[in-house]
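# Coordinates in review
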Amino acid sequence: MSIVRDILRLIFPDLCYHCGEPLVGDERNLCTLCLSKIPWTHNASHPDNDTELRLVGRIPVVAAASLLQFHKGNVTQSIVHQIKYHGNTQLAHQFGLILGEELKASHRFDDIDIVAPVPLHWWRRMRRGYNQSQILAAEVAKVLQCSLSVHNIYRRRHTPTQTHKNRQQRIDNMASAFAVHHPEQFEGKHLLLIDDVLTTGATTEACYHALQSIPNLRISVATLAIATT
Ligand SMILES: [Zn+2]
């Protein structure tokens, strides 16, 4: 099988999606050099880590963590682009699994009951064909052996893209963007919200606004990446 693959690769080389060099041997998606450059945060086991500090005073989280450091031009940006814009769902599954393992190893997420992705508006989801955060959340739920809630939190309206907005504009843009169909399903639970990239935290904060009146709900947050600001 690997001989066939090697021959096929000579004709149609797979390229590393970060540096563009041809992949060799067992390399998949990323070449060995780019793999070695992935900026893991390893912050899951540390209270007051940078993910928690970004949310402090806005969302009373039990714990928060991010798997990767994101900045313009780094390997994480290529990973996120593959997952969000190039339909690379296989990569989303792989990184979701790694995120789940990191959270599990930290023991700070041991009593999570429900994992829920930050929802996409149905229109964006339909155009993209999937919600990348849902794939991440499904893998995390598997590793933590808890239930996955995909539809209970929903996006009320389509919010314009956040990419070119500053922090206040993002918060205004997101105000009351989310709602919950059945709040009673989350009562007394410890919910883990999953998102792809934590930038200003405006999206997470907007999700929290939809959840904050649910009795005895505790919230934790995990993201694939945290952007350096
Ligand atoms: Zn590379």
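Residues numbered from 1 in each chain as written. Predicted model: local features only at pLDDT ≥ 70, side-chain atom pairs only at ≥ 80, totals over all residues. Heavy atoms only, no water.

Bringing the overall build of the protein into the picture now. Secondary structure summary: the protein contains 9 helices and 7 strands in total. The C-alpha atoms of the protein give a radius of gyration of 18 Å, which matches the 17 Å a tight globule of 229 residues would have. Per-residue burial for the protein yields a buried fraction of 50% across its 229 residues. Once local pairs closer than 6 in sequence are excluded, the contacts in the protein between residues at least 24 apart make up 73%. Of the roughly 11,500 Å² of accessible surface on the protein, a fraction of 55% belongs to carbon and sulfur atoms. Of the side-chain charges in the protein, 23 are positive and 20 negative, and the distance between the mean point of each set is 8 Å. (Helix = DSSP H or I, 4+ residues; strand = E, 2+ residues; numbered from the N terminus. Rg over C-alpha atoms; globule rule 2.2 N^0.38 Å. Buried < 20%, exposed > 50% of the residue type's maximum accessible area, 1.4 Å probe, protein only. Contact = heavy atoms within 4.5 Å. Areas by Shrake-Rupley, 256 points an atom, 1.4 Å probe, with all protein chains shown as cover. Lys, Arg positive; Asp, Glu negative; His and termini not counted. Charge placed at Lys NZ, Arg CZ, Asp CG, Glu CD.)

Reading across the sheet, the 5 strands line up as 1-7-6-2-3 and stay open at both edges, with parallel pairing between neighbours. Of all strands in the sheet, those bounded by a partner on one side alone are strand 1 (61–70) and strand 3 (147–148). Strand contacts of helix 5 (residues 89–106): strand 1, strand 6 (190–198) and strand 7 (218–227), with the helix running at about 135° to strand 1, the strand carrying the most contacts. Running at roughly 135° to strand 6, helix 7 (residues 132–144) makes contact with strand 2 (114–117), strand 3, strand 6 and strand 7 of the sheet. (Pairing = 2+ DSSP bridges. Axes fitted to C-alpha atoms, helices over the stretch in contact; angles between N-to-C directions.)

A few words on the coordination of the zinc ion. Protein coordination at the zinc ion comes from C16 (SG), C19 (SG), C31 (SG) and C34 (SG), with a distance range of 2.3 Å. Sequence spacing of the donors to the zinc ion: C-x2-C-x11-C-x2-C. The exposure class assigned to C19 is partly exposed, which follows from its relative accessible area of 38%. (Donors = N, O, S within 2.8 Å, 3.2 Å for Na, K, Ca; no water.)

Moving on to the domain arrangement of the protein. Domain annotation of the protein identifies domain 1 (1–37) and domain 2 (38–227). Its C-alpha centre places domain 1 at a distance of 30 Å from the equivalent point of domain 2. On the side of domain 2, 12 residues touch domain 1, which itself brings 8 residues to the contact. Across the interface of domain 1 and domain 2, roughly 760 Å² is buried in total on both sides, 54% from carbon and sulfur atoms. Across the domain 1-domain 2 interface, the total number found is 0 salt bridges. (Domains from an automatic or database assignment. Buried area = accessible area lost by both parts, 1.4 Å probe. Salt bridge = Lys/Arg side-chain N within 4 Å of Asp/Glu carboxyl O.)

With that settled, consider the side chain of E52. On the secondary structure map, E52 appears in helix 3 (residues 50–55). Here the side chain of E52 touches D48 through a polar contact of 2.9 Å, landing on its backbone nitrogen. Once you skip the residues sitting within four places of it in the chain, E52 turns out to touch H46, P47, A63, A64 and R108. (Polar contact = N/O pair within 3.5 Å; in protein donor to acceptor, adjacent residues only side chain to side chain.)

We now examine the layout of surface pockets. Of the volumes computed, that of the second largest pocket is approximately 220 Å³. Forming the walls of the second largest pocket are 13 residues, and the residues nearest its centre are P119, L120, R125, V150 and H151. For the lining of the second largest pocket, the secondary-structure elements that each account for two or more residues are helix 6 (122–128) and strand 4 (153–155). Looking at the lining of the second largest pocket, its residues break down into 6 nonpolar, 5 polar and 2 charged. (1 Å grid on protein atoms, 1.4 Å probe; cavity = no way out; pocket = protein on both sides within 12 Å on 5 of 7 lines; lining within 4 Å. Points joined across faces, edges and corners; volume = space filled by probe spheres on them. Nonpolar A, V, L, I, M, F, W, Y, C, P; charged D, E, K, R; others polar.)

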